[in-house]
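Chain by chain, the residues:
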Amino acid sequence: MATNNSKNSSKKVAEAKVVREAPGRGQTDISWEAEEYIVRDKTTWWYVGLVAVGLVLSGISVLLQWWSFLAVVILSVIALMIYAMRPPRILRYSLSNKGLSEGDKLYNYNDFKSFGLLHEESHFAIVLTPRKRFSPRVTVYFPEAQGEEIVDAFGARLPMEEVKLDMLDKLIKFLRISFCDIISSIR
């Protein structure tokens, strides 16, 4: 069950291309393609650990007769296994005067209070911090070669702030799962 997707992922993210197009009213300034999230290697022991935790929680719920919790545990383990094996999609991003486009979805600059840079392993990303308190941050990966141009384009429209990983981000990184994958499936 171990995967070797992170090496392939690094190549795909690094090979993402940036296209400079004629700026105009609402037209595209910069476009690029990148994977929606970083694939992290998961060994067979990762899957064994997931099943073991699921079995322990299932055993506790049976002993205490918490049948609803048992259903949640089983569904959660199945969902995590499916998400862990799902390869990331290649998304097309573009920056215009209106905002950031991710495929057909447009994120207006006005919806964000700032942006920051995240350097994770050999990958670079822009992290957009929303104005709304409970909205998730938007993370957009980009190729290193065109990073300066992309960062300058964001910097012309939003203030730049340092991005720090919160406890949830650190836990997700430790567990080697991609929360972006789960969030993107909800959107």
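Refer to the structure presented above.
As the structure is a computational prediction, the values presented were derived from the model and not from experiment.

**Q** I tried to follow the overall build of the chain on my own but got confused; where do I start?
**A** A count of helices and strands for the chain gives six helices and eight strands. Listing every helix and strand of the chain by position from the N terminus yields α-β-β-α-α-β-β-β-β-β-β-α-α-α. For the chain, buried positions account for 39% of its 187 residues. Restricting to contacts in the chain with at least 6 residues of sequence separation, those with at least 24 account for 62%. For the chain, the exposed surface amounts to about 11,500 Å²; the carbon and sulfur share of it is 59%.

**Q** Looking at this structure, I do not really get the nonpolar core. What am I missing?
**A** Side chains that are nonpolar tend, in soluble globular proteins, to be buried together. Counting residues in each nonpolar core, the largest one holds 27 residues, and the members touching the most others are W32, L95, L100, I126, L128, I150 and F154. Listing elements by their share of this core, those giving two or more residues are β2 (28-35), β3 (90-96), β6 (112-120), β7 (123-130), β8 (138-142) and α4 (147-155). Apart from residues lying up to four places away in sequence, F154 is in contact with L95, L100, Y109, F115, I126 and L128. Membership of the second largest hydrophobic core comes to six residues, among which are Y47, L50, M81 and A84.

**Q** Is there a simple way to think about the side chain of S61 in this case?
**A** Tracing the sequence through the fold places S61 in helix α2 (residues 44-63). Residue class for S61 comes out buried when judged on its relative accessible area of 0%. Looking at S61, its side chain comes within polar contact range of the main-chain oxygen of S58, at 2.8 Å. In this structure, S61 is in contact with W66, F69 and L70, ignoring residues within four places of it in sequence.

**Q** Please clarify how the sheet that holds β6 should be interpreted in this entry.
**A** Hydrogen bonding along the main chain pairs the strands of a sheet, whether they run parallel or antiparallel. Read across the open sheet, the three strands follow the order β6-β7-β8; overall the sheet is antiparallel. The two strands at the open ends of the sheet, each matched to only one other strand, are β6 and β8. With direction set aside, neighbouring strand axes in the sheet form an average angle of 25 degrees. Two strands pair when backbone bridges link them, and β7 and β8 are joined in this way by five bridges, in the antiparallel orientation. Opposite V127, over in β8, you have T139 as the bridge partner.

**Q** What is the right way to look at the environment of E149 in this model?
**A** Within the secondary structure, E149 is located in helix α4. Sequence spacing of E149 and I30 is 119 residues, and the spatial spacing of their C-alpha atoms is 8.5 Å.

**Q** Can you help me understand the pattern of salt bridges in this one?
**A** Oppositely charged side chains can pair when the atoms bearing their charge come close. With the rule as written, the count across this model stands at one salt bridge. In this structure, the salt-bridge partner of R92 is E33, at a minimum N-O distance of 4.0 Å. Taken as a pair, R92 in strand β3 and E33 in strand β2 lie far apart in primary sequence, 59 residues in all. A relative accessible area of 38% means that R92 is categorised as partly exposed. In this structure E33 comes out as partly exposed when scored by relative accessible area, which is 27%.

Conventions we followed
- Residues numbered from 1 in each chain as written.
- Predicted model: local features only at pLDDT ≥ 70, side-chain atom pairs only at ≥ 80, totals over all residues.
- Heavy atoms only, no water.
- Helix = DSSP H or I, 4+ residues; strand = E, 2+ residues; numbered from the N terminus.
- Buried < 20%, exposed > 50% of the residue type's maximum accessible area, 1.4 Å probe, protein only.
- Contact = heavy atoms within 4.5 Å.
- Areas by Shrake-Rupley, 256 points an atom, 1.4 Å probe, with all protein chains shown as cover.
- Core = buried A, V, L, I, M, F, W, Y, C linked by side-chain atoms within 4.5 Å.
- Polar contact = N/O pair within 3.5 Å; in protein donor to acceptor, adjacent residues only side chain to side chain.
- Pairing = 2+ DSSP bridges.
- Axes fitted to C-alpha atoms, helices over the stretch in contact; angles between N-to-C directions.
- Salt bridge = Lys/Arg side-chain N within 4 Å of Asp/Glu carboxyl O.

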